[in-house]
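Chain residues, written in single-letter form:
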Amino acid sequence: MNIRLLQPGEKPPYSLLLLADPSRHLVEQYVSRGRCFLFEKGKEVIGVYVLLPTSPRTIELVNIAVKKSCQGNGFGKRLIAHAIEQARGEGYRTIEVGTGNSSFAQLALYQKCGFSITGIDHGFFLRHYEEAILENGVQCRDMVRLAREL
Ligand code: COA
């Protein structure tokens, strides 16, 4: 598994990043402030994650995505394991992540990777996204916040 940092001047893989977050504006903001890691199979980027420090001891996994045709093969779990190791190696104490109330698979995935729910940001997706987001027949309104100690 080859995971590397996006190099300065290299174009971020927006088609993947937008799978996790439909707001191009928000994606551009946190990609420019954080660090983007690329998972490559040969020369093709099939996965991505972005880490953004939010305090001296805390870092947030602000985006993670695997190309649709490659999902369900354990790559998401491996990317999260890599993000955890990366954050721990850099001396952070806590890694956080946020996902939608309607993102059932993601909620399962993060908890399988050792994250616990710490809170709910009520109405986050209503405040920050112009278009309604519907997943699993449920409107995405609230951000479920999760964290894992490192
Ligand atoms: N209920 C319970 N567990 C579920 C589930 C569900 N509905 N859907 C998936 N899972 C589990 C899988 O079973 C697997 O666990 P297991 O190994 O114990 O079986 C785990 O979640 C994830 O599997 P994995 O193959 O590693 O994930 P992936 O490569 O498909 O990547 C995402 C996961 C979320 C990165 C990928 O689906 C994706 O890119 N989605 C679109 C972008 C996105 O939503 N990003 C996150 C935004 S918060």
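Here the structure is a predicted model, which is why all the values come from computation and not from measurement.

Cut-off values and rules
Residues numbered from 1 in each chain as written. Predicted model: local features only at pLDDT ≥ 70, side-chain atom pairs only at ≥ 80, totals over all residues. Heavy atoms only, no water. Helix = DSSP H or I, 4+ residues; strand = E, 2+ residues; numbered from the N terminus. Buried < 20%, exposed > 50% of the residue type's maximum accessible area, 1.4 Å probe, protein only. Contact = heavy atoms within 4.5 Å. Areas by Shrake-Rupley, 256 points an atom, 1.4 Å probe, with all protein chains shown as cover. Near = heavy atom within 4 Å. Polar contact = N/O pair within 3.5 Å; in protein donor to acceptor, adjacent residues only side chain to side chain. Salt bridge = Lys/Arg side-chain N within 4 Å of Asp/Glu carboxyl O. Phe/Tyr/Trp six-rings, centres within 6.5 Å; stacked < 30°, edge-to-face > 60°. Disulfide = S-S within 2.5 Å. Pairing = 2+ DSSP bridges. Axes fitted to C-alpha atoms, helices over the stretch in contact; angles between N-to-C directions.

Topic: the overall build of the protein
What the protein contains, in helices and strands, is five helices and nine strands. Across the protein, helices and strands are ordered from the amino to the carboxyl terminus as β-α-α-β-β-β-α-β-α-β-α-β-β-β. By its C-alpha atoms, the protein is 35 × 30 × 30 Å across when sized along the principal axes. Counting all 150 residues of the protein, 44% fall into the buried class. Across the protein, every contact between residues at least 6 apart in sequence was considered, and the portion connecting residues at least 24 apart equals 64%. When the accessible surface of the protein is totalled, it reaches about 8,200 Å², and 50% of it is carbon and sulfur.

Remarks on the site of the ligand
As a matter of local geometry, the ligand sits amid 20 residues, with Ile-64, Val-66, Gly-74, Gly-76 and Gln-106 nearest to it. Here Ile-64 contributes a backbone N or O atom positioned 2.8 Å from a nitrogen atom of the ligand. The separation between an oxygen atom of the ligand and a polar side-chain atom of Gln-106 is 2.6 Å. Burial of the ligand by the protein chains amounts to 67% of its free accessible area of 970 Å².

Remarks on the pattern of salt bridges
Between side chains of opposite charge, a pair can form as their charged atoms come close. With the rule as written, the count across this model stands at nine salt bridges. Where Arg-88 meets Glu-85, a salt bridge forms, and the shortest distance between an N and an O atom there is 2.4 Å. Highlighted residues: Arg-88 and Glu-85, both in helix H3 (residues 75–89), separated by three residues, approximately one helical turn.

Some words on the packing of aromatic side chains
Overall, the coordinates contain six aromatic pairs when judged by the stated rule. On the numbers, 4.7 Å between centres and 15° between planes, the contact of Phe-37 with Tyr-49 is stacked. Of this pair, Phe-37 sits in strand E2 (residues 35–41) while Tyr-49 sits in strand E3 (residues 44–55), and the two are 12 residues apart along the sequence. As far as burial versus exposure is concerned, Phe-37 and Tyr-49 are alike and both buried.

A few points about the state of the cysteines
Counting across every chain of the model gives zero disulfides. The thiol of Cys-70 is not disulfide-bonded; the next cysteine sulfur, from Cys-36, is found 17 Å away.

Side note on the environment of Gln-139
Turning to its location among the elements, Gln-139 is positioned in strand E8 (residues 138–139). With 96 residues separating them in the primary sequence, Gln-139 and Lys-43 have C-alpha atoms 37 Å apart. Apart from residues no more than four positions distant in its own chain, Gln-139 is found in contact with Asn-101, Ser-102, Leu-126, Ala-132, Ile-133 and Leu-134.

Overview of the sheet that holds strand E5 (residues 94–100)
As summarised here, the arrangement of the seven strands in space is E1-E2-E3-E4-E5-E9-E6, forming an open sheet in which the pairing is mixed. The sheet is open, and its two edges are formed by strand E1 (2–5) and strand E6 (116–121), each paired on a single side. Each strand of the sheet is rotated relative to its neighbour by a mean of 30°, with strand direction disregarded. Pairing between strand E4 (residues 58–66) and E5: four bridges, direction parallel. Pairing of Glu-60 across the sheet is with Glu-96, part of E5. Helix H2 (residues 24–33) contacts E3 and E4 of the sheet and is inclined by roughly 75° relative to E3. Helix-sheet contacts for helix H4 (residues 104–112) involve E4, E5 and strand E9 (143–149), and the interaxial angle to E5 is about 165°.

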